[in-house]
Amino acid sequence: MKMQSSRYMLGTASVLALLASSTITPANAQASTATAGIYAGGSTLASEAFRQIFDCYMGGIVGSGTTYPDGFAFDSSFPARGKLPTTCTLVSVPVQGMYAGVGSGNGVRGFISNNPQQWYNGTVAPGSSGAPPLPANQPAMIDLANPGSPATKFGSYPYPRVDIGLSDSPLGSTLAALTTSSVSFNPTQGWTTTGGALATVTVNSTFTASVAYNTTVYGNPIQIPAFEVNVAIGVNTSTMTVNSSVAGAGTTPGTQANQGAAIQLTTGQLCAIFTGLVTDWNDVTANKIPYLDKTGTQQLAAFNYANANSGGTLQAYSSSSLPIKIVYRGDGSGTSFILTNYLKAVCPLLDSTGAFGYTSIFNTTTLPSTSFSNLITRINAVRGAGGWNNTTATNAWVPATGSGGVASAISTSSGNAGRIGYVSADFTQPYTTQVGTIAAPLSAALQNEQLRSLGTYVPNNSVTPPATRPANLTFIAPTPDGAAAAWGDTRLKTPSTTWTWNDYNIYANVFGAVTQSGVTVTGLPVLPLTNRLNAYPLSGTTFLDLYSCYNVQADTNRVTNLVNFLTTYVAGADSTDPNFDPDVSAVIENAGFHPVPASYAKNIKSQYWGTRTTAISAAAATQANGCLNVANGASGGAK
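Residues numbered from 1 in each chain as written. Predicted model: local features only at pLDDT ≥ 70, side-chain atom pairs only at ≥ 80, totals over all residues. Heavy atoms only, no water.

(A) Layout of the environment of Met240. With respect to the helices, strands and loops of the structure, Met240 is situated in the loop between strand S9 (221-235) and strand S10 (263-265). Among the residues examined, Met240 registers a relative accessible area of 11% and is labelled buried. C-alpha of Met240 to C-alpha of Ser414: the two residues are 174 residues apart in sequence and 9.7 Å apart in space. Once you skip the residues sitting within four places of it in the chain, Met240 turns out to touch Ile263, Trp281, Tyr317, Leu322 and Gly418. (Helix = DSSP H or I, 4+ residues; strand = E, 2+ residues; numbered from the N terminus. Buried < 20%, exposed > 50% of the residue type's maximum accessible area, 1.4 Å probe, protein only. Contact = heavy atoms within 4.5 Å.)

Right, here's the structure in full:
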């Protein structure tokens, strides 16, 4: 039997009794008999991974056998797409994690305002009507198979409280910046949806004055990385001529070395595409786009300079006009933040004279941003009317809601050929085969700075790949190892127990006075420009946003249950921790991500549970740890 042990876990007699009364669940477990919940919402990038993590923790599948299953199963064939280890079920913890995939922007909105009604889907403009507040049904965010007691505990929405907010973009760097504009809903029908149908609720919304994070009620904010993530560049190449594609021989998520290469894209091509410099896949104009050689010198090439056939002849990606249509997140998205952070760091380096518009496009404080529309606005302002302009081009920009929406809009359907976008790696093949009823898209392998420094400007040129990679794959695929390599850059800060939430912002790690391979990168973010071997350049994280002080009047075991889960989860990144559970890292890697470095796990544990003044605590008559100096004692804390 897989047991957990820690002096910080199971800290009350009631929880000990609760665990003792739990049942051993067989490997074909369909639903948990959970009696308590942990309520999380935000990032769609992390939504499928966290749904699997919560399932593994409780030893049951949310919604199994109902209209809204989460789509996963305990199976001895793990690791495999959609599967979970059967060892997850050796102990059934009677605490069920619920997750609403509503996007990073709405996740932060709910966290700062401490209001689960802010976890709605899409963007609701003040005063608008007809907007659906419910998150995407996949993966399930309610559990009709185990509605709980009372019957609405897990089978209704919105959730009763906010325990964890999740975002792929960081919180504001100061307390003054932790504000949000909440929206008040006036449902035209019942807001809470229960029973056998999860109908969309139509609402009217009104603007509510700006809400600030309240340290006197919730304690200090906590922001810790959940795992290392990859943002995949999804491309629909179904009617294209792609000479750099790699037929994936491996099918096991999390371990394959040759996936993510339906096309291999250079840094120069990515910048040309996502700034509107090139708008058609059949573009073969000479000297159209800039790139940097290994000395940092600007070179010019046709857009198809990386698409040579076996005879060495360059070919257009399409023999006739095939407009490049970019599928982007229309809602507030941390995935948009990671992509625009990368583009802003990298693209201007290719355009030191400003001749290609990159410098002008990214010379703005509005980027990086959780709103991709900010980039579209800059492109329109710099380039004017043309194939890139959303007011003059036909569907040049295709908005979609959530990671699932982007993946579905790209797909592998020939009707969507030429579409390209950005999405969590776990919404692409081989990590999943379908998104809803749509075939999941394939993704690209990308050039990184280490390859540039070797003179590897196009796929499969004179540099021989390491023996651990297929001979016909040069660039870096969005795999767990690719993210781990990026996070292994020694120029990132070393965790310290004096860190605040802002210090955990991995994107704020910038270079000192550094020149690498002829390029001055001083003051630029490390992750997009890492020169580590095999590092995937579009790496980042999903943050867990937590409170220091939680109200426990409605649930006396709330903090105990939350810290127990966090203890098990974070220990999954540190094999030396007494609470280490190998299932945690296995599930994370099966979803295409990678656990944070063990140094982060050790630091997080030391800071946030135990006896330190920063430790997560329950508001009580005797204030302690994270509830120190929080007003109202037992009545204070996050609701």
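Still more to cover.
(B) Here's a closer look at helix H14 (residues 598-608). Within H14 the residues assigned to the buried category are Tyr600, Ala601, Asn603, Ile604, Gln607 and Tyr608. For H14, the buried positions fall inside an angular range of 170° around the axis, keeping them on one side. Buried positions along H14 lie against S9, helix H11 (480-487) and helix H12 (558-571). A positive backbone phi angle near 125° is found at Gly610, which sits one or two residues after H14. (Arc of directions from axis to C-beta.)

(C) Here's a closer look at the side chain of Ser104. Relative to the elements of secondary structure, Ser104 occurs in helix H3 (residues 104-113). We classify Ser104 as buried; its relative accessible area is 2%. A polar contact is formed between the side chain of Ser104 and the backbone nitrogen of Gly334, at a distance of 3.2 Å. (Polar contact = N/O pair within 3.5 Å; in protein donor to acceptor, adjacent residues only side chain to side chain.)

(D) Expanded view of unusual backbone geometry. For the bond from Phe78 to Pro79, the omega torsion is 5°, close enough to zero to count as cis. Following the sequence through the fold, Pro79 ends up in the loop between strand S2 (73-74) and strand S3 (83-84). Residue Tyr157 is joined to Pro158 through a cis peptide bond whose omega torsion reads 10°. On the secondary structure map, Pro158 appears in the loop between strand S5 (129-131) and strand S6 (164-167). Phi at Ser411 is positive, roughly 55°, even though this residue is not glycine. For Ser411, the position within the fold is in the loop between helix H9 (402-410) and strand S15 (419-424). One non-glycine residue, Ser517, lies in positive phi territory at about 50°. The topology assignment puts Ser517 in the loop between strand S19 (515-516) and strand S20 (519-520).

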